[in-house]
Amino acid sequence: MNSSEEKVRAAIAEQAGEWFVANDEKSLDARDAAALAAWFKASPVHIEEFFGVSAVARDLQQARTDPQYSLEAILARARTEGEGPVQRLWPREAESVRGRPFWSWFPAPALATCALLSMGLLLMWNLKSTERPAAPDGIATLRFETRHGEQLTQRLADNSILHLNTNSAVSIRYSEGERLVTLRSGQASFEVAHEAARAFRVHAGSADITDLGTRFDVRLDGGSTVITVVEGRVTVGPSISRQSLSRRPIELNADQQVRVADGAWPATPVAVDAERATAWLHRQIVFQNEPLEQVAAEYNRYTARPIEIATPALKTLRISGVFATDDTDAFIAFLRSLKGVRVEVTATRIRVSKD
Amino acid sequence: MACTTMTAAEPKPSLVGRLFAKHRAALQSFFLRRVRTKADAADLAQEVYLRMLRIRDPGAIRNPVSYLYTVAHNLVKENAVLDRRQASGVDIDEMSAQEQLGTLPTFDCDLDATQRAARLRVVLRQLRPKCRAAVELRFTHDLPYREIALHLGVSPQMAKKYVAQALGHCRRRMARMG
């Protein structure tokens, strides 16, 4: 296993550790159980590492009679910890490993405030991080960005949670009267902590969204803004500069989506499966009877090796499936299983043509 | 559209199941053969993974961890292998998380318990002291996180974080020794 693979494994193992601990003292609630099941389903490696951390716990459990694990011995060793600056948990060798910046996600130990964060926290899903830096109230504008293929989850100063999809950027400005997020590019999902006195607003393209206590997703797609509500409700209006009496905001409820095209208002909400629209949160993309061209475009948002459809007739080929955004091999295998489709894989792209 | 006939777009696709449908039988018999002779964590994981993908209703797995252990447990049991669809034998769901660990198969058959314990002692030494103490207190003394936190002078959240990190670290070090 090469070093960057090992780094990925180490990150997955730590996540497995987090899940193990979360389930350790009491069973997970329904929502966490679903999240864990989704995590397992994302990759067999997740399951393998979970087995691995379980085995460590089991081995320790079975070694309990060993005198070196007597309460006194354990506590005596714990006291040897210095009071000085935070020690490194990871051995030095891990640092000398230089992978692509993609994986350089190791959290800096004492990041108190940060004006700019631009990192690939790809594997940080579900980490219920309470130690993430919080934005000081009032002044600072925070900016978060992800590169191609990266995702990021960030707890904000008010305990709202921001999930940022691939190739996306937001800036966040909290003041006494308002929490304002501007989606500059890409896609973001929000789990908003309700505050009666301070509205949570998202400005995205030509739309303005005001949260009324909820989870919702916003995506900038070409010239339009797509808003999907997972839970609760939001109001969506044209961005402030375009507001007028004839352009009243509309209300959007759970499992509804609206596409606000530049200049076109009012927009009409449609019913959707919101979990599907936010499958990316579990690093999945879901297609149901959708043309290959659209599937490829969606897939290409994440991959370093884009899909190219060489035979125009194949663009309208309708396919269905659920894929992990980071499991290229599974997707290639799927394409190969389609009748009449030929798939050539080169170092830089995946070429799909008619057989 | 001529090409829509080439592949049937199912109204309700069995998700990634489609992907594996073709090779499922071969894959499974391969995994099961290996699992029977050597409970390799990677093989077991693969087999459990395939099973999970086949579950249409994600809500069906009430307790994902019990599910994982149950399937693993049954896979290495000869009887369960014969009747693969039944997750019976032990009612892992009813056990506490700590008790459930006892049902886990021994993954590395090449190592006996003494050898694994010796290796574990080595990898534990690489942890920083509080982190090491947290994981040891949790599993060799079954102390609740609240008490571990008191002993170490940290918050319960921190105690949990220590244990999670320690588990992940030890797991990888153990794997790399293997």
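Starting afresh in each chain, residues are numbered from 1 along the sequence in its written order. Chain A is the first chain written and ligand 1 is the first ligand written, with later ones labelled in order. For a predicted model such as this one, the threshold for reporting local features is a pLDDT of at least 70, and the threshold for listing and counting side-chain atom pairs is 80 or more; totals across whole chains, interfaces and linings nevertheless cover every residue.

### Here we look at the overall build of chain A
Phase 1 of the analysis: Helices and strands together make up the secondary structure of chain A, namely eight helices and 20 strands.
Phase 2 of the analysis: With C-beta atoms placed from the backbone, a residue counts as buried when 20 or more other C-beta atoms lie within 10 Å of its own, as exposed when 12 or fewer do, and as partly exposed for counts between those limits. Counting over 355 residues, chain A shows a buried share of 40%.
Phase 3 of the analysis: Two residues qualify as a contact pair if the distance between their C-beta atoms, derived from the backbone, is within 7 Å. For chain A, contacts bridging at least 24 residues in sequence account for 48% of all contacts bridging at least 6. Here a strand is any run of E in DSSP of at least two residues, a helix any run of H or I of at least four, and the numbering for each starts at the N terminus.

### Here we look at the confidence of the model for chain B
Residues and elements named next belong to chain B.
Phase 1 of the analysis: Confidence of the prediction at every residue is given by pLDDT, a number between 0 and 100. Looking at chain B as a whole, the pLDDT averages 71, with 62% of positions reaching at least 70.
Phase 2 of the analysis: Across chain B, element-level confidence peaks in helix H8 (residues 129-140) with a mean pLDDT of 94 and bottoms out in helix H5 (residues 78-82) with 43.
Phase 3 of the analysis: Between residues 1-16, whose pLDDT stays under 50, and residues either more than four places distant or in other chains, the model counts 32 contacts.
Phase 4 of the analysis: Note that pLDDT drops below 50 for residues 78-89; the model gives that stretch 12 contacts with residues more than four away or on any other chain.
Phase 5 of the analysis: Model confidence for the complex: the whole-complex pTM is 0.44, and ipTM, which rates the interface, is 0.72.

### What to know about the interface of chain B and chain A
Phase 1 of the analysis: Listed by partner, the interface residues are 70 residues for chain B and 71 residues for chain A.
Phase 2 of the analysis: Residue assignment for the side of chain B that touches chain A shows that the elements contributing at least two residues are helix H1 (17-21), helix H3 (41-54), helix H4 (64-76), helix H6 (97-100), helix H7 (113-124), H8, helix H9 (145-152) and helix H10 (156-177) of chain B.
Phase 3 of the analysis: The element that contributes the greatest number of residues to the side of chain B that touches chain A is H10 of chain B, accounting for 12 residues.

### Notes on the pairing of strand E7 (residues 187-191) of chain A
Residues and elements named next belong to chain A.
Phase 1 of the analysis: For E7, the buried fraction is high: four of the five residues fall into the buried class.
Phase 2 of the analysis: When DSSP finds two or more bridges between two strands, those strands count as paired. Here E7 runs beside strand E10 (residues 215-221); their pairing, made up of five bridges, is antiparallel. Across the sheet, Glu191 pairs through a bridge with Arg215, a residue of E10.

### Here we look at the nonpolar core
Nonpolar side chains tend toward joint burial in soluble globular proteins.
Phase 1 of the analysis: Put simply, a nonpolar core is buried Ala, Val, Leu, Ile, Met, Phe, Trp, Tyr and Cys residues tied into one set by C-beta atoms within 7 Å. Of all hydrophobic cores here, the largest spans 65 residues; its most connected members are Leu68, Ala134 and Leu167 of chain B.
Phase 2 of the analysis: Within the second largest apolar cluster, 31 residues are counted, among which are Leu142, Val192, Val226 and Val260 of chain A.

### Examining the pairing of strand E14 (residues 256-261) of chain A
Residue and element names in this part refer to chain A.
Phase 1 of the analysis: Relative to E14, strand E11 (residues 224-231) runs antiparallel, the two being bridged by six bridges. Paired with Ile227 across the bridge in E14 is Val258.
Phase 2 of the analysis: Bridge count for E14 against strand E15 (residues 270-271) is two bridges, and the pairing is antiparallel. The partner of Gln257 across the bridge, within E15, is Val270.

### Comments concerning the environment of Met158 of chain B
Phase 1 of the analysis: Its location among the elements puts Met158 of chain B in helix H10.
Phase 2 of the analysis: Along the chain, Met158 of chain B and Ile148 of chain B lie 10 residues apart, while their C-alpha atoms are 9.8 Å from each other.

### Quick look at the confidence of the model for chain A
Residue and element names in this part refer to chain A.
Phase 1 of the analysis: With 79% of its residues at a pLDDT of 70 or more, chain A has an overall mean of 76.
Phase 2 of the analysis: Here strand E1 (residues 116-118) stands out as the least confident element of chain A, with mean pLDDT 27; E7 is the most confident, with 92.
Phase 3 of the analysis: The low-confidence segment residues 83-139 (pLDDT under 50) makes 69 contacts with residues lying over four places distant or belonging to another chain.

### A closer look at H9 of chain B
Residues and elements named next belong to chain B.
Phase 1 of the analysis: Taken together, the buried positions of H9 are occupied by Tyr145, Ile148, Ala149 and Leu152. The buried residues of H9 occupy one face: seen down the axis, they fall within an arc of 100 degrees.
Phase 2 of the analysis: Following H9 by one or two positions, Gly153 adopts a phi angle in the positive range, close to 70 degrees. In this context, the arc is that of the directions from the helix axis out to the C-beta atoms.

### Digging into the sheet that holds strand E20 (residues 350-354) of chain A
All names here are of chain A.
Phase 1 of the analysis: Here we have three strands laid out as an open sheet, ordered E17-E20-E19, and mixed in their pairing. Lying at the two open borders of the sheet, with one neighbouring strand each, are strand E17 (307-309) and strand E19 (341-345). The sheet shows a mean angle of 25 degrees between the axes of neighbouring strands, taken without regard to direction.
Phase 2 of the analysis: The strands touched by helix H8 (residues 328-337) are E19 and E20; relative to E19, the strand with the most contacts, the crossing angle is about 150 degrees. Axis definition: a line fitted to C-alpha atoms, limited for helices to the stretch in contact. Angles are taken between N-to-C directions and run from 0 to 180 degrees.

### Side note on unusual backbone geometry
All names here are of chain A.
Phase 1 of the analysis: Despite not being glycine, Asn167 has its phi angle at roughly 50 degrees, a positive value.
Phase 2 of the analysis: Its place among the elements puts Asn167 in the loop between strand E4 (161-164) and strand E5 (169-174).
Phase 3 of the analysis: The phi dihedral of Asp255 is positive, around 60 degrees, even though this residue is not glycine.
Phase 4 of the analysis: Among the secondary structure elements, Asp255 is positioned in the loop between strand E13 (250-253) and E14.
Phase 5 of the analysis: Asp255 sits in the partly exposed class, given 18 other C-beta atoms within 10 Å.

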